[in-house]
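Summary of the model geometry
One-letter residues, chain by chain:
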Amino acid sequence: MSRIGVFVCHCGLNIAKTVRVSELAEFAATLPDVVVAKDYKFMCSTPGQEMIANDIREHRLDRVIVTACSPLMHEQTFRKVLAASGLNQYLLTIVNIREQVSWVTHNIDEGTSKAKALLNGAVNRSRLLMPLTSRVIDVNPDVMVVGAGIAGIQASLELANTGRKVYLVEKNSTIGGHMAQFDKTFPTLDCSACILTPKMDSVLQHKNIQLLTSCEVSEVKGFVGNFDITIRQKARYVDHDKCNACLACTEKCPGKSVSEWDEGLAKRKAIYIPFPQAVPQKPVIDREACTFFKKGKCRLCEKVCEQKAIDFEQQDTFSTVKVGAVIVATGYDLMDTRDLIQYGYGKYPGVYNALEVERLFNSAGPTGGKVILRDGKEPQAIAILHCIGSRDKNSYEHCSRVCCMYSLKFAHLFKEKTSADVYHFYIDIRAAGKGYEEFYNRIIEEDVKFIRGKGARVAKSADEPDRLMVEAEDTITGKFIRLPVDMVVLSPAMIPRSNAKDIARLFNLSTDKQGFFMERHPKLAPLSTMSEGVFIAGVCQSPKDIPDTVAQANGAAAEALTIVVKDKMELEATTVMVNPASCCACQNCVRVCPYGAPFFKEDKGVSEINEALCKGCGLCASVCPTGAIIARHFTNDQVLAEMEGLMEF
Amino acid sequence: MAVSFQQIEEKLKTEARRLLESGQVSLVLAWGRGFDEKHPMPYVAKGASDVDGIVFNEFCTHNLARYLVRYPRGTKMAVAVKAADSRAVVQLIQEDKVKRHDLVILGIPVYGIKNPKTGEIIDGKTTCGLYNPVLYDILIAEEVHGQPVSSPYAVLAEYEAMDQDARFAFWKKELDRCIRCYACRKACPMCYCDPCFIDQNKPKWGEKSPETPGNLMYHLTRFHHLAGRCIDCGECSRACPVDIPLYLFHKKVAKECEEMFGQAAGMSIEDKPVLVNFRMEDSDKILE
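Remember, it's a predicted structure, so these values are computed and weren't measured experimentally.

1. Some words on the overall build of chain B
When you go through chain B residue by residue, the secondary structure sums to eight helices and five strands. The C-alpha radius of gyration of chain B comes to 19 Å, within 12% of the 19 Å expected for a compact globule of 288 residues. The buried share of chain B, taken over its 288 residues, is 52%. The long-range share in chain B, meaning contacts at least 24 apart out of those at least 6 apart in sequence, stands at 70%. Carbon and sulfur atoms make up 54% of the accessible area of chain B, which amounts to about 13,700 Å² in all. Of the side chains in chain B, 38 bear a positive and 40 a negative charge, and the two mean positions are spaced by 5 Å.

2. Details of the domain arrangement of chain B
For an interface, size is often stated in terms of accessible area lost upon the parts coming together. Residues and elements named next belong to chain B. Looking at chain B, the domain boundaries give domain 1 (5-139) and domain 2 (154-287). When each unit is reduced to the centre of its C-alpha atoms, the spacing between domain 1 and domain 2 is 24 Å. Each partner contributes residues to the interface: domain 1 has 28 residues there, and domain 2 has 32 residues. For the domain 1 and domain 2 pair, buried surface summed over both sides reaches about 2,400 Å², with 54% attributable to carbon and sulfur atoms.

3. So, the pattern of salt bridges
Residues and elements named next belong to chain A. A full pass over the atoms with the stated rule returns 61 salt bridges over all chains. A salt bridge links Lys322 to Asp228; the shortest N-O distance between them is 2.8 Å. Note that Lys322 is positioned in strand β17 (residues 317-323) and Asp228 in strand β12 (residues 226-233), a separation of 94 residues in sequence. Overall, the relative accessible area of 26% leaves Asp228 in the partly exposed class. Two residues, Asp428 and Arg430, come together in a salt bridge whose shortest N-O distance is 3.6 Å. Residue class for Asp428 comes out partly exposed when judged on its relative accessible area of 31%. A single network of salt bridges, built from pairs that share partners, joins Arg20, Glu23, Asp109 and Lys116.

4. Some words on the domain arrangement of chain A
Per the domain assignment, the segments making up chain A are domain 1 (4-133), domain 2 (143-234 + 316-331 + 497-564), domain 3 (248-304), domain 4 (333-495) and domain 5 (575-631). A straight line from the C-alpha centre of domain 1 of chain A to that of domain 5 of chain A covers 33 Å.

5. A look at the environment of A:Gly533
Residue and element names in this part refer to chain A. Turning to its location among the elements, Gly533 is positioned in the loop between α13 (500-507) and β29 (534-536). Residue class for Gly533 comes out buried when judged on its relative accessible area of 4%. Gly533 sits 23 residues away from Ser510 along the chain, and the two C-alpha atoms are 14 Å apart. When near neighbours in sequence (up to four residues on either side) are disregarded, Gly533 contacts Val224, Phe227, Ala325, Val326 and Ile563.

6. Describing helix α6 (residues 192-205) of chain A
Residue and element names in this part refer to chain A. Taking 1.5 Å per residue as the helical rise, α6 with its 14 residues ought to reach 20 Å, and the 20 Å between its terminal C-alpha atoms agrees with that figure. Every buried residue belonging to α6 is among Ser192, Leu196, Met200 and Val203, and all of these are buried. For α6, the buried positions fall inside an angular range of 55° around the axis, keeping them on one side. Facing away from the buried surface of α6 by more than 90 degrees, the exposed residues are Cys194 and Gln205.

7. Concerning the nonpolar core
Core analysis: the largest hydrophobic core is formed by 79 residues, its most contacted members being A:Ile327, A:Val357, A:Ile384, A:Phe410, A:Phe414, A:Met487 and A:Val489. Looking at this core, the element that brings in the most residues is helix α11 (residues 403-417) of chain A, giving eight residues. Excluding residues that lie within four positions of it along the chain, A:Phe414 makes contacts with A:Val357, A:Phe361, A:Val371, A:Ile382, A:Ile384, A:Val422, A:Met487 and A:Val489. Core analysis: the next-biggest nonpolar cluster, separate from the first, contains 57 residues, B:Trp31, B:Val51, B:Leu106 and B:Ile231 among them.

8. A short note on the pairing of strand β3 (residues 77-81) of chain B
On any regular strand, side chains alternate: one points to one face of the sheet, the next to the other face. Residues and elements named next belong to chain B. Within β3, five of the five residues are buried, leaving the element largely enclosed by the surrounding structure. The alternating pattern of β3 places Met77, Val79 and Val81 on one face and Ala78 and Ala80 on the opposite face, and all of these are buried. Alignment of strand β1 (residues 27-32) against β3, held across three bridges, turns out to be parallel. Residue pairing in the sheet places Leu27 in a bridge with Met77 of β3. Bridge analysis of β3 against strand β4 (residues 103-107) gives five bridges, and the strand direction is parallel.

9. Topic: the sheet that holds β3(B)
Residues and elements named next belong to chain B. Here five strands make up an open sheet; going across it, the order is β2-β1-β3-β4-β5 and the pairing mixed. Whereas interior strands pair on both sides, the edge strands pair on one side only; in this sheet they are β2 (41-45) and β5 (138-139). Against the sheet, helix α2 (residues 83-94) engages β1, β3 and β4, with an angle of about 140° to β3.

10. Considerations on the interface of chain A and chain B
Chain A puts 21 residues into the contact, and the matching count from chain B is 20 residues. Along the contact surface separating chain A from chain B lie two salt bridges. With a closest N to O distance of 2.6 Å, A:Asp637 and B:Lys202 form a salt bridge. The interface formed by chain A and chain B holds seven residue pairs in polar contact (both at pLDDT 80 or more) in total. Elements with a contribution of two residues or more to the side of chain A that touches chain B: α13, α15 (588-592) and α17 (636-647) of chain A. Looking at the side of chain A that touches chain B residue by residue, the class counts come to ten nonpolar, five polar and six charged.

11. Digging into unusual backbone geometry
Geometrically, the link from A:Val279 to A:Pro280 is a cis peptide bond, its omega value of 0° lying close to zero. Summarising the element assignment, A:Pro280 is placed in the loop between β15 (271-272) and β16 (284-285). In the segment running from B:Asp194 into B:Pro195, the intervening peptide bond is cis, with an omega of 5°. As for its position among the elements, B:Pro195 is in the loop between α5 (183-187) and α6 (212-225). Its identity is not glycine, yet A:Gln587 carries a phi of approximately 65°, on the positive side.

12. Things to note about the side chain of B:Arg180
Residue and element names in this part refer to chain B. Mapping Arg180 onto the fold places it in the loop between α4 (164-176) and α5. Put simply, Arg180 is tucked away with no salt bridge, and the nearest opposite charge, on Asp199, sits 7.1 Å away. Among the polar contacts listed, one links the side chain of Arg180 to the side chain of Tyr182, at a separation of 3.2 Å. Looking at Arg180, its side chain comes within polar contact range of the main-chain oxygen of Ser209, at 3.3 Å. Excluding residues within four positions of it along the chain, Arg180 makes contact with Ile198, Glu207, Lys208, Ser209, Pro210, Glu211, Gly214, Asn215 and Tyr218.

13. Overview of the side chain of B:Asp85
Residues and elements named next belong to chain B. Tracing the chain through its elements places Asp85 in helix α2. For Asp85, a relative accessible area of 3% gives the class buried. Looking at Asp85, its side chain comes within polar contact range of the side chain of Lys82, at 2.9 Å. Beyond its immediate sequence surroundings of up to four residues, Asp85 is in contact with Trp31, His62, Asn63, Leu64 and Ala65.

14. Here we look at the packing of α4(B) against α6(B)
Residues and elements named next belong to chain B. As a packed pair, α4 and α6 sit with axes 9 Å apart at the nearest point and diverge in direction by 105°. Looking at the two axes, α4 sits roughly perpendicular to α6. Counting all contacts with α4, which are made through Phe168, Lys172, Leu175 and Asp176, the residues of α6 involved are Thr212, Asn215, Leu216 and His219. Residues belonging to the contact of α4 with α6 are distributed by class as follows: three nonpolar, three polar and two charged.

15. Describing the sheet that holds strand β18 (residues 325-328) of chain A
All names here are of chain A. Spatial strand order, β10-β7-β6-β18-β29: five strands in an open sheet with parallel pairing. Here the strands that pair on one side only, and so sit at the sheet edges, are β10 (209-212) and β29. Strand-to-strand twist in this sheet, taken as the mean axis angle between neighbours without regard to direction, amounts to 20°. With three bridges connecting them, β18 and β29 associate as parallel partners. The residue bridging Val328 from the neighbouring strand is Ile536, located in β29.

16. Considering the packing of helix α4 (residues 108-128) of chain A against α17(A)
Residue and element names in this part refer to chain A. Where α4 contacts α17, the axes come no closer than 7 Å and their chain directions differ by 150°. Compared by their axis directions, α4 and α17 come out roughly antiparallel. Regarding α4 and α17, the two cross each other, and that crossing is right-handed. From α4, Ala117, Leu118, Asn120, Gly121, Ala122, Asn124, Arg125 and Leu128 reach across to α17, where they touch Asp637, Gln638, Ala641, Glu642, Glu644, Gly645 and Leu646. Of the residues belonging to the contact of α4 with α17, the class tally is six nonpolar, five polar and four charged.

Procedures and definitions
- Along each chain, the written sequence defines residue order, and numbers are assigned to residues from 1.
- Each chain is given a letter, starting from A, and each ligand a number, starting from 1, according to the order in which they appear as written.
- Per-residue local features are limited, in this predicted model, to residues with pLDDT of at least 70; the limit for side-chain atom pairs, both in listing and counting, is 80 or more; totals at the level of whole chains, interfaces and linings are taken over all residues.
- Side-chain numbers come from the whole structure's heavy atoms, not from hydrogens or water.
- By the criteria applied, helices consist of DSSP H or I runs no shorter than four residues and strands consist of E runs no shorter than two, each listed in order from the N terminus.
- Our radius of gyration looks at C-alpha atoms and nothing else; its globule reference is 2.2 Å times the residue count to the power 0.38.
- Whether a residue is buried, partly exposed or exposed follows from its accessible area with a 1.4 Å probe, protein chains only, as a fraction of its type maximum: under 20%, in between, or over 50%, in that order.
- The contact definition used throughout considers only heavy atoms, calling two residues in contact when any of these lie within 4.5 Å.
- The Shrake-Rupley method, run with a 1.4 Å probe, gives the accessible areas here. Residue values count only the displayed protein chains as cover.
- Think of it this way: Lys and Arg go in the positive column, Asp and Glu in the negative one, and His and the chain ends go nowhere.
- We put the charge of a Lys on NZ, of an Arg on CZ, of an Asp on CG and of a Glu on CD.
- Note that the domain bounds were set by an automatic or database domain assignment.
- Buried area: the accessible area, evaluated with a 1.4 Å probe, that two parts lose upon being put together, summed over both parts.
- By salt bridge we mean one thing: a side-chain nitrogen of Lys or Arg within 4 Å of a carboxyl oxygen of Asp or Glu.
- The span one expects for a helix is its residue count, reduced by one, times 1.5 Å.
- Note that the arc is defined by the directions from the helix axis to the C-beta atoms.
- The definition of a nonpolar core used throughout is a set of buried Ala, Val, Leu, Ile, Met, Phe, Trp, Tyr and Cys residues joined through side-chain atoms within 4.5 Å.
- Any two strands with at least two DSSP-identified bridges between them are counted as paired.
- Axis lines are fitted through C-alpha atoms, for helices just across the contact stretch, and the angle between N-to-C directions can take any value from 0 to 180 degrees.
- Identification of polar contacts relies on pairs of N or O atoms within 3.5 Å, with a donor-acceptor requirement for protein atoms, meaning one able to donate a hydrogen and the other able to accept it, and with residues adjacent in sequence counted only if both atoms are side-chain atoms.
- Ten residue types, Ala, Val, Leu, Ile, Met, Phe, Trp, Tyr, Cys and Pro, are classed as nonpolar, four, Asp, Glu, Lys and Arg, as charged, and the remainder, Gly among them, as polar.
- By the definition adopted for this analysis, an angle is roughly parallel if under 35 degrees, roughly antiparallel if over 145, roughly perpendicular if from 65 to 115, and oblique otherwise.
- Helix crossings are classified by the rotation of the near helix relative to the far one: an anticlockwise turn of less than a right angle makes the crossing left-handed, while a clockwise turn makes it right-handed.

Structure below.
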């Protein structure tokens, strides 16, 4: 015999609008073992909570059912009420009649009837609930940051300054990310390198940051508070402990390849540092371009290296790092605009994408900061085409947010560095941000021409064969425009990194329609993910500019800190156990567990569970053919009883 | 080339004697004489003196992989297998029920095996229809050249022509005849669960008396548990005393599994059990 109390919440009109709440409470009172049933406007309010606490005392309740919103919202609130009243917190059942009922129907009869069915099931299950004890585990105080662009750098510095040890993992040979490629930053036009490189240097100097460049995460085990992360250190073929960065090797190296850093506009050596301010400022060998690796002869770098740092035998190595929390800040790629053949990128040398133009402006870039086209001429007319691939149902529907602003910046820099006419082809200008609208107005005054119409096609000019022709519809005048230019700048969509799916799989993140990492809640938990202890910052979550990225990075650092600042943390008690008498040794549990909790005891011939790793997801219980795995709080008996209750309706 | 059952029997005996005498294995799973010629039965030779009891003839239908999981882990065993039987061994290795290095697989390429009950030749209608074992250590006869032309799923044409309601009515009618003798479960090399879910009492997953709800619960769950694992030997249907065409359901599920994940059960020990293995390239069709 149980003594169950049922508390029905109106959630203002959120629930009461499509569920007859008082009728639901009256119905609850008729169910067996229910000794008290009440409805109230806001059950989560202090009077609501007090009402539950009073009824627990007065009616000597031993089970509590709250029919309200999703347990994601208020399960913790009501568990605390039970705990304060001397009841085990796992004797609470939440019936979600908001997200699962009132918000998905307009019909009050249907709503009420479904709410009754759910409640009937919950009463059946509630009787069978068992008190459970939460586990307390030690928390590893260190943090890992994946990706060392501006987001990763910022988050690492913030965390390291609080005294935490930070492992900063970067797949490239230098940190800095895309921001290090830029020349000026909007809207203030301050030099990107001048504000970024001091931070890069701080990362290198910081005693609490362990910098892991040329590294990738290859495996993630464990869970919040205790991640075991395997890092693959890619072979650099240069021993960075010995190298003193004299760079004699890079001068002598005969191997050549295109510079990723300069977006393919320049060449680099096979042994190289990507750019003069790279951190760490030590070279790596590109195996694909190296003469020795290709032909088996050369080793010039080895001969000139006084430190004997060159090591052609170096192999990839793996190491494991233990951390309590992870920040993923893996950034973005630009869409490959070659697929949009109407814009002629890759076909006409006069068509550039935005990152290439950033390099043209940069004094450390392939042209020394001069705007010179691939054919060596200075452009007389330049068209900047907005929204290439973004805001486009045929490619990516999202707005890349920063293109309007950097396109305005480009216009300014073109005006400053050339005598060319600059034309914008845009759908509309989005300049929402501090100082952004002012910057837009400033550019308008600089004699830049704005044509409201998306660029439709770039073709070879019929009259002047070495010029290009941009076609578009000017939507203000309604006229079709054909504009001869020398240079076309595309502002392509920002899209998730090509390996974002692998990262998502490693860290159990979900991705949105475009492939960006999903936040736990779009408004209230924008930096957390559904994977506890893993946070996201920067463009890997959605396109954003540098100020927003930095703000997010600081936020993610603070969120990670909330976990690692404690030395112990409480975990859910809802783990699984194995009944060895029923285990048929099929090892399905071992195969499906994403956390590596079940393991097979060869001597006993049965599976067992490492409870420290179990997250209680129940995957193993669902694939166990003999029902030998018992998921606490969701036992077969409990679930079947609930289903029977549901099906009575 | 005609298959000589006599020659196969002789070769089986020779190999079994050699393996047992050398101590390489502690037992040999093969076939032995039943109550008459037409009804051979599974036979275990545990010493050289047992070897003479081994027989092989056209009625040796039993899938001996069934008996591998009976012995403690680590037992060195030899097992005689026909084509489909070898797939069962492969599947058991995939599922880590037996270790490859504990086994000596005596592969028998053969065709023309007959159903003792009906005398009909067993072909791709009720089994996978292969002639040659997919995995073996010792080949007992020469490989049969050429593989069957018709697909093992060809027999499904009539079944697939039925709509959803007709299919349910079909299975309800067929499974209603089940007398719950559990011969299908006993014959199946993949049914190694102990206890079987249907024998459990808490929770009681289904009624144990031979009536519609319990019958459906037992068979549908068994079909589900064998999804992606059934190697299509057809032993369940031959063991059934009331001739329920269980192979139809198994074939249908196997076909869907193969189409969805590009992997047939028990074809390679490099494969992983398909329904408990996640690959990035897996089809999402099941979610639609």
